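# Fold and geometry: a report
Residue-level listing of the chains:
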Amino acid sequence: MAALGWLTPRRRSATARSVLAGEASAEAARKTARSDAPPHPATAAPQAPETASGTGTDTTTTPAEAAAEPAFPVPGDDLAAAFFDLDNTVMQGAAIFHFGRGLYKREFFRRRELARFAWQQAWFRLAGVEDPEHMQDARDSALSIVKGHKVSELMSIGEEIYDEYMAERIWPGTRALAQAHLDAGQKVWLVTAAPVETATIIARRLGLTGALGTVAESVDGVYTGRLVGEPLHGPAKAEAVRALAAAEDLDLARCAAYSDSHNDIPMLSLVGHPYAINPDTKLRKHAREHDWRLRDYRTGRKAVKVGVPAAAGVGAIAGGAAAAIALHRRRK
């Protein structure tokens, strides 16, 4: 019966653990934020920056309406910032999966653990909801991989993994949106359930300000195998953005947020300028009902509106697992 529960959508509200996760993430983000990020990093070539009218498809604004609107983002507005979800918004696929592929390549875990990890990620993307028992199992298996390893070791490996698997998966259209905020003098933050260390590497490589991510507990620079709070997902993301905005003296009504997933509706609802990027079906519907802007940078999306995002995620995971297993066999 528990499996059936995974298929039933549930709206999760903020809990003490999600508030703790959000506050810990905001604190970590501020500690690692870069004020000297390069304006045009070499890892991703941005397109021409978009204004409020945008260049992505499926926008809710007509050319006539766009012409009457003021430019956005507003240059010099230091009370505003932008918050970007990572997976399938800034980058194609899931960052944690690509990170897992890199760790497997470096023999951090065995093939059986890889298959279990791949199945958990595939099921999560397919179901799109968090069953507490299933999420706990996935969380425990992921944390067991890094337990006992040094934070500095994982950061160094993360730099390599970014070059191997992530650099070529950045969406140019979303990257251009982020650059427009940077060019306007605003800070730009990634917000993701991926480990904060991984998210920070990606943000730095893209020339962004910093990243909000899941915080794993460490003692004397070594991972304990426990989280601070819970994964930065759903309401926890909103709590992280709220905490960071308070610490940075931001006006959320003047801020923007971008995501592909209905799970991020709590975060998107916090800001005055919410954007649905490569949206799933539920977010697309919600965005249209609330007059949020839509941008879609995928190709072939209209072939299967509902199936493409989920199937693409599962396919990437299955393909990556198969590639990793083949690599393992060749090494024997």
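Refer to the structure presented above.
Our subject in this report is the structure included herewith. (Residues numbered from 1 in each chain as written. Predicted model: local features only at pLDDT ≥ 70, side-chain atom pairs only at ≥ 80, totals over all residues. Heavy atoms only, no water.)

A separate point is the pairing of strand S2 (residues 187-195). Bridge analysis of strand S1 (residues 81-85) against S2 gives 5 bridges, and the strand direction is parallel. Bridge pairing in S2 links Ala 81 to Lys 187. You can see the chain leave S2, run along helix H9 (residues 196-205) and come back into strand S3 (residues 210-214), and the turn it takes is right-handed. (Pairing = 2+ DSSP bridges. Helix = DSSP H or I, 4+ residues; strand = E, 2+ residues; numbered from the N terminus. Right-handed = clockwise from strand over helix to strand, strands pointing away.)

Among the secondary structure elements, Val 151 is positioned in helix H7 (residues 151-166). C-alpha of Val 151 to C-alpha of Val 219: the two residues are 68 residues apart in sequence and 9.6 Å apart in space. Contacts of Val 151, omitting those with residues within four sequence positions, involve Glu 197, Ser 218, Gly 221 and Tyr 223. (Contact = heavy atoms within 4.5 Å.)

Before going further, it helps to spend a moment on the packing of aromatic side chains. Using the criterion set out here, one finds 2 aromatic pairs in the structure. Ring plane angle 5 degrees and centroid distance 4.1 Å describe the contact between Phe 84 and Tyr 258, whose orientation is recorded as stacked. Of this pair, Phe 84 sits in strand S1 while Tyr 258 sits in strand S6 (residues 256-259), and the two are 174 residues apart along the sequence. Of the residues examined, Phe 84 reaches a relative accessible area of 0% and is grouped as buried. With a relative accessible area of 1%, Tyr 258 lands in the buried category. Judged by centre distance (4.6 Å) and plane angle (25 degrees), the ring pair of Tyr 258 and Tyr 275 falls under stacked. With Tyr 258 in strand S6 and Tyr 275 in strand S7 (residues 273-277), this residue pair connects regions lying 17 residues apart in the sequence. Neither Tyr 258 nor Tyr 275 differs from the other in exposure class; each is buried. Of the aromatic side chains, those joined through ring pairs into one cluster are Phe 84, Tyr 258 and Tyr 275. (Phe/Tyr/Trp six-rings, centres within 6.5 Å; stacked < 30°, edge-to-face > 60°. Buried < 20%, exposed > 50% of the residue type's maximum accessible area, 1.4 Å probe, protein only.)

Geometric values such as these leave the question of function open.
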